[in-house]
Structures are given as structure tokens and as C-alpha cells.
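# Breakdown of the fold
If you want the building blocks of each chain, they are given just below.
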Amino acid sequence: MRIIFMGTPEFAVASLKALIDAGENVVAVVTVPDKPAGRGQKMHESAVKVFAKEHQIPVLQPVKLRDPEFIAALRSYQADLQVVVAFRMLPEMVWDMPKHGTVNVHASLLPNYRGAAPINWAVINGEKKSGVTTFLLQHEIDTGNILFADEVEIADTDDAGILHDKLMEKGAQLIVKTVDAIRNGDINPVPQDDLLAAEDVKHAPKIFKEDGEIDWNKDTASIYNKIRGLSPYPTAFTKLDNKGLKIFQTSKEIKAHDLIPGTYVTDGKNLLKVATNDGYIHLLSIQIEGKKRMQIADFLRGYRFEDPKIQNI
């Protein structure tokens, strides 16, 4: 089959590579336009574009997906199937173009965690498993008929970055299986409505920077899950000595105490923990405003606390 692949980040590259390695005929790639980034605001190419160029695959980078020139270029490739992994919402004139339609790889077990941040929300909510799903695109986002799904376990120490990598590899395997099944006519699309349980579906809306602020009045488990669900990006944060403090890695301690939630406790050497309403969050990897990311022992070695209310042990 003639396949057009649509995607942007590293998560999508794994699926594109798997298709190429499986001998599939990817005739073109669609990705976002180059954008200025980093120091000097140099033009930055998406990970998918970089990979496509390395493998001599034509690249389309439309600003608007309804642009007549883009639609004409897309149609000229006469694709039998389009594969979408971590890309933009497509208009019907695009997803309905190939005779076999457009299949999407989503980083959750649909119908749960539809939306922009399924990996983050699965960890934030303390799920014990997640997975990837392939489905056929239709009008409403992430609601199309399901083709295949595959589960992965979420360990209690996994953060969003670890789960991302697990799902990236699982999704690459699943898209190869899905494309092969479509080619052979061996699919049985299942409407998501048939899988909906009586309870409400869990959603995965876009996460904004302000969503990362920690409320230390909450319970230890939910704070712990929030921190790992936002690590390594966009990162949970709080304040220390009125400076911004990003928190990347922690451990949790359930223990009764009489401290005000948000109180810092330290031995000045290897331990820095913050009181919650039912225990403590031990800070293991952090980044204070104006400094680089550090392990807690390295941070404590060079830091002098300004707040006189810091508890020393």
C-alpha cells in the first residue's frame, strides 16, 4: 500500500521507523512547519522531518491543512492509507482522502483518556496500566472505531517520561500490525460506544504551566502522582525561599505529623522533604530558579536556606 505518514515528535518517529523497517511503502510525510527555537532562535525541524530527510522521504509542511495547494499535493501521492501519530486534528477532506481512510495511534486505552495529554493524566491519576490504541479517524477527536489495542503496566515509580518511552515502542509495534491487517482485510472495527462503561470516561485535556503548581494541603499519594505525571515536562513546581522550584523526582512517606502542609524539613546533607496533610514528599531531583537540575545531596551541599521556619533534623 502507498502510505502517507503524519506526525511531529520523537514519539511519532518510532512508528515511522517501524513502518520503514517492516518494508511498508511510505511515499510522503506530513509534519509541522519549521519553527525558531533555542538560543539565537534558529529554525528547528520536527523529529519526524529529520528522520524523513535521512530516509529520502518527501516532506510536506502545511501551515493550514485546508490550503488548496496542500490538498492538491496530498492527493497527488494517491495514498491508499494515512497513518497519524501525535499530529494535529485533521479536517475531513484530509482524513477521508485515502480509500482505506486514516488510522491514528493514540497513547491510551480508548475510550479512556481521549485528548492531548493521555500519558500525563494516566500517571497523575495513579493508573496501574495504560496502553496504545489504533483507530480509524472520524469527525470527533479520538472517537473513531477501534482496530487494535495493547496494554502496558505502569510501575509506581514510573514518571510520564518513562511511560512515554514504553508507549512509544508499543505503539510502533501496534501500527505495523494494524497496517498489515488493513492490507489483508483482516480488521473488525469496534465502535467506542460499545466499550463505554456505566461510569464516566476519563479525559486527558491539554496541560498548561499553571496546572503544575503543587497544593501541599492534598494527600501524599496524589501529590506524588502529580509530580511524576508532570515529569520531565512540563514539571510540577512550588516555592522555596520565594524562588521557583521545579520538582522532577520524589519518594513518598505516609506518616502522621503536626506540621503545617508545605513545611520543609531537612538534615542539611541528604534529606529535604515537604509536609503534606498525611505525610511527606521527599525531594530527590529538583531545579531551583536560576540554577540547573540537581540531585538533592548536591543541592543541599551548596544551598543556604533563607526561611527561618525551615525544620532542621
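Below you will find a few notes about this structure. Everything quoted here is computed from the prediction, not taken from an experiment.

### Some details on the sheet that holds strand 7 (residues 102–106)
Read across the sheet, seven strands follow the order 5-2-1-6-7-8-9 without closing on themselves; strand pairing throughout is mixed. Only two strands of the sheet have a single neighbouring strand rather than two, namely strand 5 (59–60) and strand 9 (146–153). Sheet analysis places strand 1 (residues 2–7) next to strand 6 (residues 81–85), joined by five bridges and oriented parallel. In the strand pairing of strand 6, Gly-7 is matched with Val-85. Across the face of the sheet, helix 6 (residues 160–183) comes into contact with strand 1, strand 6, strand 7, strand 8 (129–136) and strand 9 while running at roughly 150 degrees to strand 9.

### Quick word on the pattern of salt bridges
Enumeration according to the criterion identifies 17 salt bridges in this entry. Put simply, Lys-49 and Asp-34 hold a salt bridge, and the shortest N to O gap is 3.0 Å. Of the two residues, Lys-49 is situated in helix 2 (residues 47–54) and Asp-34 in the loop between strand 2 (25–30) and strand 3 (35–37); the sequence distance between them amounts to 15 residues. When its relative accessible area of 27% is taken as the criterion, Asp-34 is described as partly exposed. Here Asp-180 ties to Arg-183 by a salt bridge, and the two come within 2.8 Å at their closest N and O atoms. Here the residue Asp-180 and the residue Arg-183 both occupy positions in helix 6, the gap between them amounting to three residues, near one helical turn. Residue Asp-180 is classed as partly exposed on the basis of its relative accessible area, which comes to 35%. Note on Arg-183: relative accessible area 35%, which makes it partly exposed.

### Comments concerning helix 1 (residues 10–21)
Since there are 3.6 residues in each turn of an α-helix, residues three or four apart along the chain are aligned in direction. Between its first and last C-alpha, helix 1 extends 16 Å over 12 residues, near the 16 Å set by a 1.5 Å rise per residue. All of the buried residues along helix 1 are Phe-11, Ala-12, Val-13, Ala-14, Ser-15, Leu-16, Ala-18 and Leu-19. On its buried face, helix 1 sits against strand 1, strand 2, helix 2, strand 6, helix 5 (118–124) and helix 6. Once helix 1 ends, the next one or two residues include Gly-23, with phi positive near 85 degrees.

### Quick look at the side chain of Asp-80
As for its position among the elements, Asp-80 is in the loop between helix 3 (68–76) and strand 6. By relative accessible area, which is 16% here, Asp-80 ends up buried. Those residues in contact with Asp-80, other than ones at most four positions away along the chain, are Met-1, Arg-2, Pro-98, Lys-99, His-100 and Gly-101.

### What about the pairing of strand 1?
In terms of residue burial, strand 1 counts as a mostly covered element, since five of its six residues are buried. Between the parallel elements strand 1 and strand 2, the chain passes through helix 1 in a crossover that is right-handed.

### A few points about the packing of aromatic side chains
Under the counting rule described, the total for this entry stands at two aromatic pairs. Summarising the aromatic geometry, the rings of Phe-299 and Tyr-303 are spaced 4.7 Å apart at their centres and angled 25 degrees between planes, so their arrangement reads as stacked. Residue classification places Phe-299 among the buried residues on the basis of a relative accessible area of 4%. Taking 5.1 Å as the distance between ring centres and 80 degrees as the angle between the ring planes, the aromatic pair formed by Tyr-303 and Phe-305 counts as edge-to-face. Judged by relative accessible area, which is 23%, Phe-305 ranks as partly exposed. The residue whose ring lies beneath Arg-293 is Phe-248, and the NZ or CZ to ring-centre distance is 4.1 Å.

Parameters at a glance
Residues numbered from 1 in each chain as written. Predicted model: local features only at pLDDT ≥ 70, side-chain atom pairs only at ≥ 80, totals over all residues. Heavy atoms only, no water. Pairing = 2+ DSSP bridges. Helix = DSSP H or I, 4+ residues; strand = E, 2+ residues; numbered from the N terminus. Contact = heavy atoms within 4.5 Å. Axes fitted to C-alpha atoms, helices over the stretch in contact; angles between N-to-C directions. Salt bridge = Lys/Arg side-chain N within 4 Å of Asp/Glu carboxyl O. Buried < 20%, exposed > 50% of the residue type's maximum accessible area, 1.4 Å probe, protein only. Expected span 1.5 Å × (residues − 1). Right-handed = clockwise from strand over helix to strand, strands pointing away. Phe/Tyr/Trp six-rings, centres within 6.5 Å; stacked < 30°, edge-to-face > 60°. Lys NZ or Arg CZ within 6 Å of the ring centre and 35° of its normal.

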